[in-house]
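# Coordinate inspection notes
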Amino acid sequence: MAHALLMPAPVRQLLHDLRFGLRSLRRRPGFALAAIVTLALGIGANAAIFSLVSAALVRPLPFRDAGRIVSIGSNWTGFEHSSVSIPEYLDYRDRARSFESIAVYRETSINLTAGTGEPEHARIALTTASFFDGIGVSPAVGRSFTVEEDRPGGPGVVLLGWSLWQRRFGGDRAAVGRTISIEGEPATIVGVMPRGFRFPSESELWAPLRINPAEPGNRGAHNRGVIARLRAGVGLETARSEMSALGAALQAEHPDNYPAGSGWGVSVRSLREILVGEVRRPLLVLMGAVTLVLLLACANVASLMLGQAARRGGEMATRAALGAGPGRLARQILGESLLIGVAGGVLGCVLARGLVPLLVAISPEPIRTLDGVSVDLRVLAFAFVASIFAAMLFGLPTALRVPVAAPGREVGGARVTRSFGAREILVALEVALAFVLLIGAGLLGRTLVNLLSVEAGLDPRGVATGRISLSREAHPTSADLIRAHGRVVEILGGAAGIAAAGSVSILPLSGSDTDYGFGVENRIPATEGLEPFEQARIVAGDYFGALRIPLLRGRSFEPADGEESPPVVMVSASFASKYWPGEEAIGKRIKLWGADAEGPWRTVVGIVGDVRHFGLGREATPILYFPLAQLPQRSMTLVARSPAGVAVAAGAIREAVRELDPGQAIHALQPMEEIVRTSVASERLSLGLIAAFSTIALLLAAVGIYGVLSFLVGQRTREIGIRVAVGATPAAILGGVLARGVRFTALGLLAGTAGALALTRFLEGLLFEVEALDASTFVLVALGVLAVALVACLVPARRATRLDPARALRRD
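Being a predicted model, the structure only gives us computed values, none of them experimental. (Residues numbered from 1 in each chain as written. Predicted model: local features only at pLDDT ≥ 70, side-chain atom pairs only at ≥ 80, totals over all residues. Heavy atoms only, no water.)

Next up on the list: the overall build of the protein chain. Looking only at helices and strands, the protein chain has 23 helices and 22 strands in total. When each of the 812 residues of the protein chain is scored for burial, the buried share is 52%. Restricting the contact set of the protein chain to residue pairs at least 6 apart, pairs at least 24 apart contribute 82%. Accessible area of the protein chain: about 34900 Å², with a carbon and sulfur share of 58%. (Helix = DSSP H or I, 4+ residues; strand = E, 2+ residues; numbered from the N terminus. Buried < 20%, exposed > 50% of the residue type's maximum accessible area, 1.4 Å probe, protein only. Contact = heavy atoms within 4.5 Å. Areas by Shrake-Rupley, 256 points an atom, 1.4 Å probe, with all protein chains shown as cover.)

Another point: the packing of aromatic side chains. Remark: the centre distance and the inter-plane angle together describe each pair of aromatic rings, the angle taken between the planes. Applying the stated criterion to the full structure yields 19 aromatic pairs. Taken together, a centroid distance of 5.8 Å and an interplanar angle of 70° make the contact between tyrosine 105 and phenylalanine 199 edge-to-face. Of this pair, tyrosine 105 sits in strand β3 (residues 99–113) while phenylalanine 199 is found in the loop between β8 (185–192) and β9 (205–208), placing the two residues 94 residues apart along the sequence. Tyrosine 105 sits in the buried class, given a relative accessible area of 13%. Accessibility expressed as a relative area gives 7% for phenylalanine 199, which makes it buried. (Phe/Tyr/Trp six-rings, centres within 6.5 Å; stacked < 30°, edge-to-face > 60°.)

A word on the side chain of threonine 127. Within the secondary structure, threonine 127 sits in strand β4 (residues 120–127). Residue threonine 127 is classed as buried on the basis of its relative accessible area, which comes to 0%. Apart from residues lying up to four places away in sequence, threonine 127 is in contact with Val104, Tyr105, Phe132, Phe145, Asp150, Trp206, Ala207, Pro208 and Leu209.

This next bit is on helix α14 (residues 478–493). The end-to-end C-alpha separation of α14 is 22 Å, in line with the 22 Å expected for 16 residues at 1.5 Å each. Within the span of α14, buried status applies to Asp480, Leu481, Ile482, Ala484, His485, Val488, Val489, Ile491 and Leu492. Packing partners of the buried residues in α14 comprise β12 (463–469), β13 (500–504), β15 (533–541), β21 (635–641) and α17 (646–660). (Expected span 1.5 Å × (residues − 1).)

Note on placement: threonine 113 falls in strand β3. With relative accessibility at 40%, the residue threonine 113 sits in the partly exposed group. When the C-alpha positions of threonine 113 and serine 181 are compared, they lie 5.0 Å apart, and in sequence the two are 68 residues distant.

Looking now at the pattern of salt bridges. This model, assessed by the stated rule, comprises 27 salt bridges. Note that arginine 240 and glutamate 273 form a salt bridge whose closest N and O atoms lie 3.9 Å from each other. With arginine 240 in helix α7 (residues 236–253) and glutamate 273 in helix α8 (residues 271–311), this pair connects stretches of sequence that are 33 residues apart. Here arginine 461 ties to aspartate 459 by a salt bridge, and the two come within 2.9 Å at their closest N and O atoms. Accessibility expressed as a relative area gives 54% for arginine 461, which makes it exposed. Looking at aspartate 459, the relative accessible area reads 10%, which means it is buried. Through salt bridges with shared partners, one network takes in Glu80, Glu237, Arg240, Arg269 and Glu273. (Salt bridge = Lys/Arg side-chain N within 4 Å of Asp/Glu carboxyl O.)

Attention now moves to the packing of α14 against α17. Direction vectors running N to C along α14 and α17 enclose 135°, while the axes themselves pass 9 Å from each other. On the basis of the axis angle, α14 is oblique to α17. Read as a crossing pair, α14 and α17 show a hand that is right-handed. Contacts from Ala484, Arg487, Val488, Ile491 and Leu492 of α14 reach α17 at Ala652, Ile653, Ala656, Val657, Glu659 and Leu660. Its residues placed into classes, the contact of α14 with α17 shows nine nonpolar, no polar and two charged. (Axes fitted to C-alpha atoms, helices over the stretch in contact; angles between N-to-C directions. Parallel < 35°, antiparallel > 145°, perpendicular 65-115°, else oblique. Left-handed = near helix turned anticlockwise from the far one by under 90°. Nonpolar A, V, L, I, M, F, W, Y, C, P; charged D, E, K, R; others polar.)

Leaving glycine aside, a negative phi is the common case for residues, and trans is the common case for peptide bonds. Within the chain, aspartate 65 stands out as a residue other than glycine whose phi angle is a positive 45°. With respect to the helices, strands and loops of the structure, aspartate 65 is situated in the loop between α3 (29–58) and β1 (69–76). Overall, the relative accessible area of 40% leaves aspartate 65 in the partly exposed class. Positive phi, close to 50°, is recorded for histidine 81, a residue that is not glycine. One can find histidine 81 in strand β2 (residues 79–82).

We now examine the confidence of the model for the protein chain. On average, residues of the protein chain score 81 in pLDDT, and 84% of them reach the 70 mark or higher. Of all the helices and strands in the protein chain, helix α1 (residues 2–6) carries the lowest mean pLDDT, 49, while strand β17 (residues 568–572) carries the highest, 95. Predicted confidence for residues 404–420 stays below pLDDT 50, and this span has 24 contacts to residues more than four positions away or in other chains. Here residues 524–530 is a poorly scored stretch, pLDDT under 50, and it has five contacts once near neighbours within four places are set aside; other chains count. (pLDDT = per-residue confidence, 0-100.)

With that out of the way, let us pick up helix α18 (residues 672–679). Of all the positions in α18, only Met672, Ile675 and Val676 are classed as buried. Across the axial projection of α18, the buried residues extend over an arc of 100°, all falling on one side. For α18, the elements touching its buried residues are β12 and β22 (667–671). (Arc of directions from axis to C-beta.)

Positionally, valine 346 belongs in helix α10 (residues 326–362). Judged by its relative accessible area of 51%, valine 346 falls in the exposed class. The spacing of valine 346 and isoleucine 36 is 310 residues in sequence and 9.6 Å in space, taken between C-alpha atoms.

Counting residues in each nonpolar core, the largest one holds 125 residues, and the members touching the most others are Ile49, Phe394, Tyr543, Tyr625 and Ile705. Take this core: its biggest share by element is 19 residues, from α8. Residues in contact with isoleucine 49, not counting those within four places in the same chain, are Leu286, Met287, Val290, Leu359, Leu689 and Phe693. Among the nonpolar cores identified, the runner-up in size contains 46 residues, and Leu164, Ile182, Val192 and Ala239 belong to it. (Core = buried A, V, L, I, M, F, W, Y, C linked by side-chain atoms within 4.5 Å.)

With that out of the way, let us pick up the packing of α3 against helix α12 (residues 377–399). Following both chains from N to C, one finds α3 and α12 inclined at 140°, their axes separated by 9 Å at the closest point. On the basis of their axis angle, the class for α3 and α12 is oblique. Pair α3 / α12 crosses with right-handed handedness. Taking contact as the criterion, the partners of Leu39, Ile43, Asn46, Ala47, Phe50, Ser51, Ser54 and Val58 in α3 are, on α12, Arg378, Val379, Phe382, Ala383, Ser387, Ala390 and Phe394.

The two faces of the sheet receive side chains in turn, since in a regular strand these alternate between them. Of all seven residues making up β21, seven are buried, and the element is well covered by its neighbours. Here β21 shows a buried face lined by Ser635, Thr637, Val639 and Arg641 and a second buried face lined by Met636, Leu638 and Ala640. The sheet contact formed by β13 and β21 spans five bridges and is antiparallel. Opposite alanine 501, over in β21, you have alanine 640 as the bridge partner. (Pairing = 2+ DSSP bridges.)

When you line up the elements, alanine 122 lands in strand β4. Under the relative-accessibility criterion, alanine 122 is labelled buried at 1%. Here the alpha-carbon distance between alanine 122 and asparagine 111, two residues 11 residues apart in the chain, equals 6.4 Å. Non-local contacts of alanine 122, meaning those with residues more than four positions away in its chain, are made with Thr108, Ser109, Ile110, Leu112 and Leu205.

So, on to a nonpolar patch on the surface. A surface patch of nonpolar side chains, about 640 Å² in accessible area, is lined by Leu33, Val37, Leu41, Val342, Val346, Leu347, Val350 and Leu351. Looking at the nonpolar patch, the elements that each hand over two or more residues are α3 and α10. Considering each element in turn, the nonpolar patch owes the most residues, five residues, to α10. Relative to the assigned elements, valine 37 resides in helix α3. (Patch = residues over 30% accessible without salt bridge, like charges linked within 9 Å, V, L, I, M, F, W, Y side chains within 5 Å.)

Okay, here's the thing in structure tokens:
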């Protein structure tokens, strides 16, 4: 008691109001449970989505001064921020002044023999020594490699990723200094990177790239990434301006490499934009959707509280008669709201902890690879603020309607009418919010359907894929690579149950790309001597048959198209129409790296159908296809089709690789259909979650409609009884109650239409072959909401028609 007296008066009043609210909620456990669970759904969904937003867009990246880290790429017509070549990197390094360090890297797949266990396929990033300083991350154990080790002929060294270190060496620090085998070449482990560091992409090892500035390679070989650190005080826009000017200078110096009309230019983007740029808009859409769910939950709880306030009219009037003023009564109602809000927030956080792992598992790769997506302190703080905000939001409508009743006076019809009017507005708001969410779900649903119905240019059904990378130790020469890849495809194609088999350097929809510069024989004078770039793929076996990419004209590659045979090439239909419009492309010739470059002319022998390599929502790009026997590759992806199903095809790939080399690792053995599904993972995530939120919203709106009409029927029992007694028919009673429900449902749909129109502007970038103002979606969703509302109205309306007039008239 003494401690209580020492407290400031406002604190004492707050504690008293909270104790009163707790006693009041104990007397109404059904209401308390319904309100808390409703609010927990809204706060839990918000906390779960905010955990993704926080990790991707809010939380600082785990790199030193991450805001100064940028990526440098190339823009071309149809391509944004694509890879660069080594000569371009050297120009940027030597001539740009906005950066304190610039590093170049290339990620690839290798065969690894390390520690205990069998050889495995792993991702490795070959980088310059400046890479780790530029990215701002130091090894957790050991050191990074030095400039001397990054020079041609330097000693073989490697850094391990944390997970690889744990998996192959059990986290033993003595692993540093040991030697492992990478593609048959020895490499000494000099360090281990920190837990969670996997940049770029999924790399688990890092080794020196070893550029020879005297022989940098072809300027048109765009297959490297560039990371840079801005100088202190230099902003992103300043760097962009300098690199734009440098790009213009390079274009003037090398017109054959950057022809006019190619759209080439230098692109500079922040590291965060590179890591999560493609999921930024979907995440913000989802955050907006769960905010609407929370608002709807608040409206539902506010409606419940208004109903409870109407039933507690006598209690409130009595307390007013005993001297409690409107302010005092309002504070006590807000105290109840605060208790409900906090309890809902706690339960919502528990719900979010279960939802987050599920959300991460179904998210696209940029989110799955984020480290530490969890309900952390930042998310808990967000949930706490959301709880307090929600408590005030749903408590204020009731607090502002506290009756100022005279002593001994029962609070009756007039107050009930006012309370009912407020509940009507709240339910109309719920309908509006549900309608907005359902419009979003409808538009995204049609987008996903359209994407999945797009002709990708291939048939993924019954196809399994698996990538292999042949070691330099076992296959040191080009002839060895040709022989080994040819043999594994031959074994695979002859396996039981396999209809067609082949291999390709880069699989469609895999997210990777390679472009080649080339010259076209006898180009028109306006473009003579210019070197275009297009996507290029190396294939072996019956690759086109395995994916059912149609041969439109000419022939496919044959076994006779070998090292000593005339060089040949196949092109996609869009390539043929782009470079030989109105002409027959068969028999035309191209030369890699430009018409004036050394090397043979390659004759077009076949034209195949277009493939949407970069996504179902993007137009097919022109592609060059070369036979493996004439452009040998170390890493290829096997593709096998089986009428018996993908399991048979996958088993055949395993057996074929095992027969070729029992120690050869297979990477990413998976169905082609899964690759297609992954390519629309972002759309699936957005649709799935918004559909779930919309369902919750619609159910809450239906419950709100049912509650309001049930309250109306209960309060108007005597009136309805009188109407029945004087001859009103059940149909008239039914129609009157239904009309009341339809009225505020229509009001909600009208308000929701305005909100949906605003939403569609934000969704436009996520839609595919769907108009943002698609009339059919708006009409169907409106009819669906109206149907659900009518069902919710029907139960209390039918109850009203069954009232016994005698019992109704006897009711006080």
